[in-house]
Amino acid sequence: MERFFGRYQEVLFYSDISEDAEREILTLLDMMGIPCTILTTSRIRLLYQIQEMSANNPLRLKLDEENYSLAKGYLVDLGYETECVYKGYGEHMRRSSGFCVELYHQFPFRTRPYGKGMQRIMETAFIRNSSQHVRTISIENRYVFMAAQAAYHYAEDELLIREVLDLYLYHKT
């Protein structure tokens, strides 16, 4: 019971900080003139009838290699620490508050069709409201990205049930 209560408290806290943390990161990158594309956000929580049932989804950003190190440096200044390195692709960073962000300078999809498809998705990204350098992808392309990521995780034997549930809810809406 203590484990459940602890997890529930963590999720409630994450709900409170996630939007502010995302806004802080995106505003900073935009102000510093660092172009990036939003791949996924924690807003997927809104698809759940009970938001506390969702995972603590990270903000996922795609940057070019030139700006990757600069963006990472700014995140370190904000208190984020590298939790996991995706060798040759990017990394997963976490703040002490529990909020996570994943930075990619290259997609981890190893096959040519995946890479080509993801490149097409990036080309359709559009400027986000009130931003100059932050781009986002359409809801349909976000679903395609999530499906490609799930397929990759399945092939790597890293697919989680939460990922499947997120895909289901995204598809359902």
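Residues numbered from 1 in each chain as written. Predicted model: local features only at pLDDT ≥ 70, side-chain atom pairs only at ≥ 80, totals over all residues. Heavy atoms only, no water.

Caption draft 1: The sheet that holds strand S7 (residues 134–136), seen in detail. Sheet architecture is open: seven strands sit in the order S3-S4-S5-S2-S1-S7-S6, paired in mixed fashion. Each edge of the open sheet is held by one strand with a lone partner, namely strand S3 (80–86) and strand S6 (126–127). Summarising the sheet, strand S1 (residues 36–40) and S7 pair through three bridges and their orientation is parallel. In the strand pairing of S7, Ile-38 is matched with Thr-136. (Pairing = 2+ DSSP bridges. Helix = DSSP H or I, 4+ residues; strand = E, 2+ residues; numbered from the N terminus.)

Caption draft 2: Local environment of helix H4 (residues 139–155). Between the first and last C-alpha of H4 there are 24 Å, a value that for 17 residues agrees with the 24 Å anticipated at 1.5 Å per step. Buried residues along H4 sit against S1, strand S2 (59–63), strand S5 (100–104), helix H3 (112–123), S7 and helix H5 (161–172). Immediately beyond the C-terminal end of H4, within one or two residues, lies Asp-157, with a positive phi of roughly 60°. (Expected span 1.5 Å × (residues − 1). Contact = heavy atoms within 4.5 Å.)

Caption draft 3: Structural context of the packing of H3 against H4. Between H3 and H4, the shortest axis-to-axis distance is 10 Å and the interhelical angle comes to 155°. Looking at the two axes, H3 sits roughly antiparallel to H4. Seen from above, H3 lies across H4 with left-handed handedness. From H3, Tyr-114, Met-118 and Ile-121 reach across to H4, where they touch Asn-141, Val-144, Phe-145, Ala-148, Ala-151 and Tyr-152. Class assignment for the residues of the contact of H3 with H4 results in eight nonpolar, one polar and no charged. (Axes fitted to C-alpha atoms, helices over the stretch in contact; angles between N-to-C directions. Parallel < 35°, antiparallel > 145°, perpendicular 65-115°, else oblique. Left-handed = near helix turned anticlockwise from the far one by under 90°. Nonpolar A, V, L, I, M, F, W, Y, C, P; charged D, E, K, R; others polar.)

Caption draft 4: Summary view of unusual backbone geometry. Positive phi outside glycine occurs at Ser-130, with the angle close to 55°. In this structure, Ser-130 sits in the loop between S6 and S7. A relative accessible area of 76% places Ser-130 in the exposed class. One non-glycine residue, Asp-157, lies in the positive phi region at around 60°. Assignment of secondary structure puts Asp-157 in the loop between H4 and H5. (Buried < 20%, exposed > 50% of the residue type's maximum accessible area, 1.4 Å probe, protein only.)

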